[in-house]
Amino acid sequence: EKGGYEHFMLKEIFEQPRSIADSMRGRINPEDATLLLGGLGSYLDKIAKTKRIVIVACGTSWHAGLVGEYLLEELARINVEVEYASEFRYRNPIIKEGDIVIAISQSGETADTMAALELAKSKGAIILGVCNVVGSSIARITHAGVYTHAGPEIGVASTKAFTAQVTVLSLIAIAVAQKKGTISNELYRELIFGLDAIPAKVEKILKNVDKVKDISKLFTFASNFIFLGRGLNFPVALEGALKLKEISYIHAEGYPAAEMKHGPIALIDEDMPVVFIAIKDSSYEKIVSNIQEVKARKGRVIAIVTEGDTQIPSMVDFTIEVPRTNELLSPLLTSIPLQLISYYIAVLRGRNVDQPRNLAKSVTVE
Ligand code: F6R
């Protein structure tokens, strides 16, 4: 059932070209550059008219929500807040009639996310879901939604469900932007064609797995890790740190790269591995100076870079390349090497990768 892979987690990481494609299938058509989200029906119109969207989720799904926030704000110019479901539900949240609340949940059974939705519904919000399990509790109570088609995820650490969530959130953001007229025809087409090309690019990253494995060997016994990124890749940094914590039990933190100098930089010395997501995007020059700050303090840097980049590779200890794409779609590529790093480090440390201690696949108690 593991299809020849040593663990479900590795199998699921390698399934991503397919799970991302499945989450777009029947929804985008690159031939005539159309996008159709049947599951939203008339709610697409309501999203386009709303002033505010609240995204509620937990864990990895919350990280996908942060990527969704960037996408919806950038493309559709709607004010988005991303809330931990557990915090949202216990603090008398401000929800007005017409607000849209979107829950993101792989299992569709997470107790806090479910309760947050029920609360929002009772206050008159339109509640929508991005779930992976058809017919799950969250899928059933929402007014409408868009399923991720990642297929069953067995490994406790979420991998393919995350990229499927980001894929679906990209589709939602593009569809809403198109409806609102806040996206140029040129960018719209670039993103549709860009999405269509993502599965093959993920495939390409997965072909270079040996390099990631070799790097992971050198860091197997690190006791801390820092992950840094900016913009859309800040949530990817958070997710990279969460993955490493969960399955290897190494203490790891994710930060927006610019926040470093406000505290965490004090942690940097020759024993501190720092993973930068440093692709050629609009914050490239800023990331270059953040890397210089870490190197000046002898931190050991692993950088996720854009194919063909020569500047960052000359500054850092190790690089892992990802293909070029529109930066709005980059989390779908940059998250893959981070999944692999945590997988290999956990295996090398002899951890139970598919069933890490203290964790359950779906958290149905609060
Ligand atoms: C991390 C992980 C958890 C879940 C979280 C939410 O790898 O799996 O953080 O993301 O428990 O679960 P769902 O998405 O099922 O609501």
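Check the entry above for the structure.
A few points on the structure. Note that this is a predicted model, so its numbers are computed, not measured.

### Here's the deal with the site of the ligand
Looking at the ligand, there are 13 residues lining it, with Ser-61, Ser-105, Gln-106, Ser-107 and Thr-110 nearest. With respect to the ligand, the backbone of Thr-60 contributes an N or O atom lying 3.1 Å from an oxygen atom. Take Thr-110: an N or O atom from its side chain is 2.4 Å from an oxygen atom of the ligand. Notes on the ligand: free accessible area 410 Å², of which the protein chains cover 90%. Of all the secondary structure elements, the ones that give two or more residues to the shell around the ligand are helix 4 (59-76) and helix 11 (233-248). Top element by residues in the shell around the ligand is helix 4. It accounts for three residues.

### Points about unusual backbone geometry
Not every positive phi belongs to a glycine, and Asn-92 is a case in point at roughly 50 degrees. Within the secondary structure, Asn-92 is located in the loop between helix 5 (85-89) and strand 5 (100-105). A positive phi angle is found at Tyr-249, which is not glycine, with a value near 60 degrees. With respect to the helices and strands, Tyr-249 occurs in the loop between helix 11 and strand 9 (251-256).

### Topic: the environment of Val-301
Mapping Val-301 onto the fold places it in strand 11 (residues 300-306). What makes Val-301 buried here is its relative accessible area of 0%. A C-alpha to C-alpha distance of 28 Å links Val-301 and His-7, two positions 294 residues apart in sequence.

### As for the environment of Arg-77
Assignment of secondary structure puts Arg-77 in the loop between helix 4 and strand 4 (79-84). In this structure Arg-77 comes out as exposed when scored by relative accessible area, which is 56%. Residues Arg-77 and Ile-183, 106 residues apart in the sequence, show an inter-C-alpha distance of 9.5 Å. Once you skip the residues sitting within four places of it in the chain, Arg-77 turns out to touch Leu-72, Lys-180 and Thr-182. Side-chain polar atoms of Arg-77 contact the backbone oxygen of Glu-73, separated by 2.9 Å.

### Re the packing of helix 8 (residues 160-180) against helix 13 (residues 331-348)
Here helix 8 crosses helix 13 at 170 degrees, and the two axes come no closer than 10 Å. Taken together, the axes of helix 8 and helix 13 are roughly antiparallel relative to one another. Touching Phe-162, Thr-163, Val-166 and Thr-167 of helix 8 are Pro-331, Leu-332, Ser-335, Ile-336 and Gln-339, all from helix 13.

### Considering the pattern of salt bridges
Summed over the entire model, instances satisfying the criterion amount to 19 salt bridges. As a salt-bridge pair, Arg-89 and Glu-366 come within 3.8 Å of each other at their nearest N and O atoms. Within this pair, whereas Arg-89 is found in helix 5, its partner Glu-366 is found in the segment after helix 13, the two being separated by 277 residues in sequence. A relative accessible area of 62% places Glu-366 in the exposed class.

### A look at the packing of aromatic side chains
The description of an aromatic ring pair uses the distance of the two centres, along with the angle that the planes make with each other. Using the criterion set out here, one finds six aromatic pairs in the structure. Centre to centre, the rings of Tyr-5 and Phe-14 are 5.5 Å apart; their planes meet at 35 degrees, and the pair counts as tilted. Note on Phe-14: relative accessible area 22%, which makes it partly exposed. Between Trp-62 and Tyr-84, the ring centres sit 3.9 Å apart and the planes meet at 10 degrees, which makes this aromatic pair stacked. Remark: Tyr-84 occurs in strand 4 and Trp-62 occurs in helix 4; sequence separation between them is 22 residues. Through successive ring pairs, a cluster of aromatic residues spans Phe-219, Phe-225, Phe-227 and Phe-318. The side chain of Arg-357 reaches across the aromatic face of Tyr-249, ending 3.8 Å from its centre.

### Focus: the sheet that holds strand 11
Ordered in space as 9-8-10-11-12, the five strands form an open sheet in which the pairing is parallel. The sheet is open, and its two borders are formed by strand 9 and strand 12 (318-322), each paired with just one other strand. Neighbour-to-neighbour, the strand axes of this sheet turn through a mean angle of 20 degrees, independent of strand direction. Pairing geometry for strand 8 (residues 224-229) and strand 10 (residues 273-277), over three bridges, is parallel. Bridging from a neighbouring strand, Ile-226 pairs with Val-274 of strand 10. With respect to the sheet, helix 10 (residues 209-218) is in contact with strand 11 and strand 12, its orientation differing from that of strand 12 by roughly 150 degrees. Packing against the sheet, helix 13 makes contact with strand 8, strand 10, strand 11 and strand 12, and its axis sits at approximately 135 degrees to strand 12.

Reading guide: rules and limits
- Each chain carries its own residue numbering, running from 1 in the direction its sequence is written.
- Local features are withheld for residues below a pLDDT of 70 in this predicted model, meaning they are given only at 70 or higher, and side-chain atom pairs are given and counted only at 80 or more; totals for whole chains, interfaces and linings count all residues.
- The side-chain values count all of the structure's non-hydrogen atoms but skip hydrogen atoms and water molecules.
- We call a residue near a molecule or strand whenever a single non-hydrogen atom of that residue lies within 4 Å of it.
- In protein, a polar contact requires one atom able to donate a hydrogen and another able to accept it; more generally it is a pair of N or O atoms within 3.5 Å, and residues adjacent in sequence count only if both atoms are side-chain atoms.
- Only the protein chains shown count as covering a residue, and every accessible area follows the Shrake-Rupley method with a 1.4 Å probe.
- Each helix corresponds to a stretch of at least 4 residues labelled H or I by DSSP, and each strand to a stretch of at least 2 residues labelled E; elements are numbered beginning at the N terminus.
- Whether a residue is buried, partly exposed or exposed follows from its accessible area with a 1.4 Å probe, protein chains only, as a fraction of its type maximum: under 20%, in between, or over 50%, in that order.
- Residues count as neighbours in contact if any of their non-hydrogen atoms are within 4.5 Å of one another.
- Between the N-to-C directions of two axes lies an angle of 0 to 180 degrees, each axis being a line fitted to C-alpha atoms and, for a helix, fitted only over the stretch in contact.
- Should an angle lie under 35 degrees it is considered roughly parallel, over 145 roughly antiparallel, and from 65 to 115 roughly perpendicular; all remaining angles are considered oblique.
- Salt bridge, as used here: a side-chain nitrogen of Lys or Arg that lies within 4 Å of a carboxyl oxygen of Asp or Glu.
- Put simply, two rings from Phe, Tyr or Trp (the six-membered ring, in Trp's case) pair if the centres are within 6.5 Å, and we call them stacked under 30 degrees between planes, edge-to-face over 60, tilted for the rest.
- We call a charge positioned above a ring when the Lys NZ or Arg CZ atom is no farther than 6 Å from the ring centre and deviates by at most 35 degrees from the ring normal.
- Only strands joined by at least two bridges in the DSSP assignment are considered to pair.

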